[in-house]
Amino acid sequence: MKDWRPEGTQRSCVEHYGNMAQLAGLKRYILADGKAAGVVAVDVNTGGGLEFTVLPGRGMDIVGCRYRGVPVSYLSKAGITAPGYHDPRENEWLKNFFAGLLTTCGMSNAGPSCKDTHPFAGEILYGLHGDASNIGADQVGTWEDWTEDGYEMKVTGRISEGRLHGEHLTLRRTISARLGEKCFRLRDEYRNEGDQPEPLMFFYHINIGHPILDEGSVFAAADRRVWAETEAAKAGMERYAVCDGPKKDVTEQQFFHEFYTDAEGKTWIALINKKLELGVYLSYHPEQLPYMAQWKVGRTGEYVFAFEPGNCHPIGRAEQRKRGGQEILEPMAKHIVELELGILDGSEEIAEFQEKLEKLIGGEERG
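What you are looking at is a predicted structure, and each value in this text was computed from that prediction instead of being measured. (Residues numbered from 1 in each chain as written. Predicted model: local features only at pLDDT ≥ 70, side-chain atom pairs only at ≥ 80, totals over all residues. Heavy atoms only, no water.)

### Overview of the overall build of the protein chain
1) Next: A tally of helices and strands in the protein chain yields four helices and 24 strands.
2) Next: For 367 residues, the compact-globule estimate of 2.2 N^0.38 gives 21 Å, and the protein chain sits close to it at 20 Å.
3) Next: If one aligns the C-alpha atoms of the protein chain with their principal axes, the spans along those axes are about 65 × 45 × 45 Å.
4) Next: Taken across its 367 residues, the protein chain has 53% of its residues classed as buried.
5) Next: At a minimum sequence separation of 6, the contacts of the protein chain that also span at least 24 residues come to 65%.
6) Next: Total accessible area computed for the protein chain in this model is approximately 16,800 Å², and 48% of it derives from carbon and sulfur atoms. (Helix = DSSP H or I, 4+ residues; strand = E, 2+ residues; numbered from the N terminus. Rg over C-alpha atoms; globule rule 2.2 N^0.38 Å. Buried < 20%, exposed > 50% of the residue type's maximum accessible area, 1.4 Å probe, protein only. Contact = heavy atoms within 4.5 Å. Areas by Shrake-Rupley, 256 points an atom, 1.4 Å probe, with all protein chains shown as cover.)

Set out below in structure tokens:
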């Protein structure tokens, strides 16, 4: 299909449309049925073929995502559940893990459930991957209007994690996109709003499903180093970048990466399906997110591939402290993250992306 859209200027849109909602925009509503009842949601339509749903009622995370009708994200068996169903004990977090395009893990723990001692609260059991995704946001806002850069859309909100005698960590998130784009930008500002230094642990569970994930899909990145830690992952090291079709009784694998960066300090990764001529890319600053895990689950019914960049290894706060490298956020201090997630559409865009990676690996575009 040829591109049918008029140029994305205000004058052109006024001439062709009676209301911008015909082309793009934001729709805010509340889910009504089942375990999802009461969850606040915002649909984002960029008018460029990309549509996704932000859930302020679930930590400002992103659930469904489609590009020109093609499913991009993975939805788990749990589906969308309200925060009230969240059980923080051990691995019960999995019952509320919808996965979606983005699930935020953190902020006091990321990785397996573990016990740790807080100076004032004493011994605490921290559940798998923390509470962030199961906290309803406040200060939620939606905004769309013309700017010098085009028609812009934004969804904002804050989640707060705190307890008596313990931590007070907040996350202020802004998700933004422009008319005609097939990407969006996420800006997160983590803050310690308490009066004591606190460990900060988080990573982004960015989940891609079928059909972009399929037999022959490949993970593309400017790798400096790749390694595995479990026996199942070590056995799959030779094919860490290549995806197979779904099979029964396949064990999940996780690989860890260090990447080269460009002159702006960014790195670029993608999952690419050359048969469909589609890919999903992520661009971010490793200085902000120094750890990166690649998650492969090739099991039937649980067929998913994930990018997992973060400020920690996904091993739990007690183990992270033992290994070193645990980030301690001082009172009133901030940790800011900016990333871009988008679509590669067509063989030409895929080839240009892979050429960019080759130049990074060869040192031509490094800073």
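### Quick look at the side chain of Gln 326
1) Next: With respect to the element layout, Gln 326 can be found in the loop between α3 (317-323) and β23 (327-329).
2) Next: Accessibility expressed as a relative area gives 16% for Gln 326, which makes it buried.
3) Next: From its side chain, Gln 326 meets the backbone oxygen of Arg 317 in a polar contact 3.1 Å long. (Polar contact = N/O pair within 3.5 Å; in protein donor to acceptor, adjacent residues only side chain to side chain.)

### Some words on the packing of aromatic side chains
The way to describe two aromatic rings as a pair is by their centre distance and the angle between their planes.
1) Next: Summed over all chains, the structure comprises 12 aromatic pairs.
2) Next: A ring pair is formed by Phe 52 and Phe 184, whose centres lie 4.7 Å apart and whose planes are at 35°; its orientation type is tilted. Of this pair, Phe 52 sits in strand β3 (residues 50-55) while Phe 184 sits in strand β14 (residues 183-192), placing them 132 residues apart in sequence.
3) Next: By relative accessible area, Phe 52 is classed as buried at 2%.
4) Next: On the basis of relative accessible area, Phe 184 is assigned to the buried category, the value being 3%.
5) Next: Grouped by ring-pair contacts, the aromatic residues Tyr 190, Phe 202 and Tyr 204 constitute a single cluster.
6) Next: In this arrangement the basic side chain of Lys 154 is found over the ring face of Trp 143, its NZ or CZ atom lying 5.7 Å from the centre.
7) Next: Directly above the ring of Tyr 126 sits Arg 317, whose terminal nitrogen or CZ lies 4.2 Å from the centroid. (Phe/Tyr/Trp six-rings, centres within 6.5 Å; stacked < 30°, edge-to-face > 60°. Lys NZ or Arg CZ within 6 Å of the ring centre and 35° of its normal.)

### Quick look at the nonpolar core
What tends to happen in soluble globular proteins is that the nonpolar side chains get buried as a cluster.
1) Next: Grouped together as the largest cluster of nonpolar side chains are 67 residues, with contacts concentrated most on Phe 52, Val 54, Phe 184, Tyr 204, Phe 219 and Phe 307.
2) Next: Here this core gets five residues from one element, more than from any other, and that element is strand β15 (residues 198-208).
3) Next: With near-sequence residues (within four places) excluded, Val 54 lies in contact with Val 40, Ala 41, Val 42, Val 44, Met 60, Asp 61, Ile 62, Val 155 and Ile 175.
4) Next: Counting residues in each nonpolar core, the second largest holds 14 residues, with Trp 93, Ala 99, Leu 128 and Phe 203 among its members. (Core = buried A, V, L, I, M, F, W, Y, C linked by side-chain atoms within 4.5 Å.)

### So, helix α4 (residues 347-362)
1) Next: Between its first and last C-alpha, α4 extends 22 Å over 16 residues, near the 22 Å set by a 1.5 Å rise per residue.
2) Next: Within α4 the residues assigned to the buried category are Ile 350, Phe 353, Leu 357 and Leu 360. All buried residues of α4 project into a common sector of 85° when viewed along the axis, lining one side. Facing away from the buried side of α4, by more than 90 degrees, are the exposed residues Glu 348, Glu 358 and Gly 362.
3) Next: One or two positions beyond α4, positive phi appears at Gly 363, with a value near 90°. (Expected span 1.5 Å × (residues − 1). Arc of directions from axis to C-beta.)

### Section: the pairing of strand β10 (residues 122-126)
1) Next: In the sheet, strand β9 (residues 114-118) pairs with β10 via five bridges, with the strands oriented antiparallel. Residue Cys 114 lies in a different strand from β10, and its bridge partner there is Tyr 126.
2) Next: A loop of three residues connects β9 with β10, the two strands running antiparallel in sequence. (Pairing = 2+ DSSP bridges.)

### Notes on the environment of Lys 77
1) Next: Along the chain, Lys 77 turns up in the loop between β6 (74-75) and β7 (99-100).
2) Next: Residue class for Lys 77 comes out exposed when judged on its relative accessible area of 67%.
3) Next: Residues Lys 77 and Phe 203, spaced 126 residues apart in sequence, show a C-alpha to C-alpha distance of 22 Å.
4) Next: Setting aside residues up to four positions removed in sequence, Lys 77 forms contacts with Gly 301 and Glu 302.
5) Next: A polar atom in the side chain of Lys 77 sits 3.1 Å from the side chain of Glu 302.

### Points about the sheet that holds strand β20 (residues 278-284)
1) Next: Read from one edge of the open sheet, eight strands run β11-β12-β13-β14-β24-β20-β19-β16, paired in antiparallel fashion. Of all the strands in the sheet, just β11 (138-147) and β16 (218-221) have a single pairing partner and so form its edges. Averaged over all pairs of adjacent strands, the angle between their axes in this sheet comes to 15°, without regard to strand direction.
2) Next: By the bridge criterion, seven bridges tie β20 to strand β24 (residues 334-345) in an arrangement that is antiparallel. For Tyr 284, the partnering residue across the bridge sits in β24 and is Leu 339.
3) Next: With respect to the sheet, α4 is in contact with β16, β19 (267-273), β20 and β24, its orientation differing from that of β19 by roughly 140°. (Axes fitted to C-alpha atoms, helices over the stretch in contact; angles between N-to-C directions.)

### Points about the environment of Tyr 190
1) Next: Mapping Tyr 190 onto the fold places it in strand β14.
2) Next: Residue Tyr 190 is classed as buried on the basis of its relative accessible area of 0%.
3) Next: In this structure the C-alpha to C-alpha distance between Tyr 190 and Leu 171, which are 19 residues apart in sequence, comes to 4.5 Å.
4) Next: When residues no more than four places from it in sequence are discounted, the contact partners of Tyr 190 are Thr 104, Met 107, Thr 170, Leu 171, Leu 200, Phe 202, Tyr 204, Leu 329, Ala 333, Lys 334, His 335 and Val 337.
5) Next: In this structure the side chain of Tyr 190 is engaged in a polar contact, spanning 3.0 Å, whose partner is the side chain of Tyr 204.

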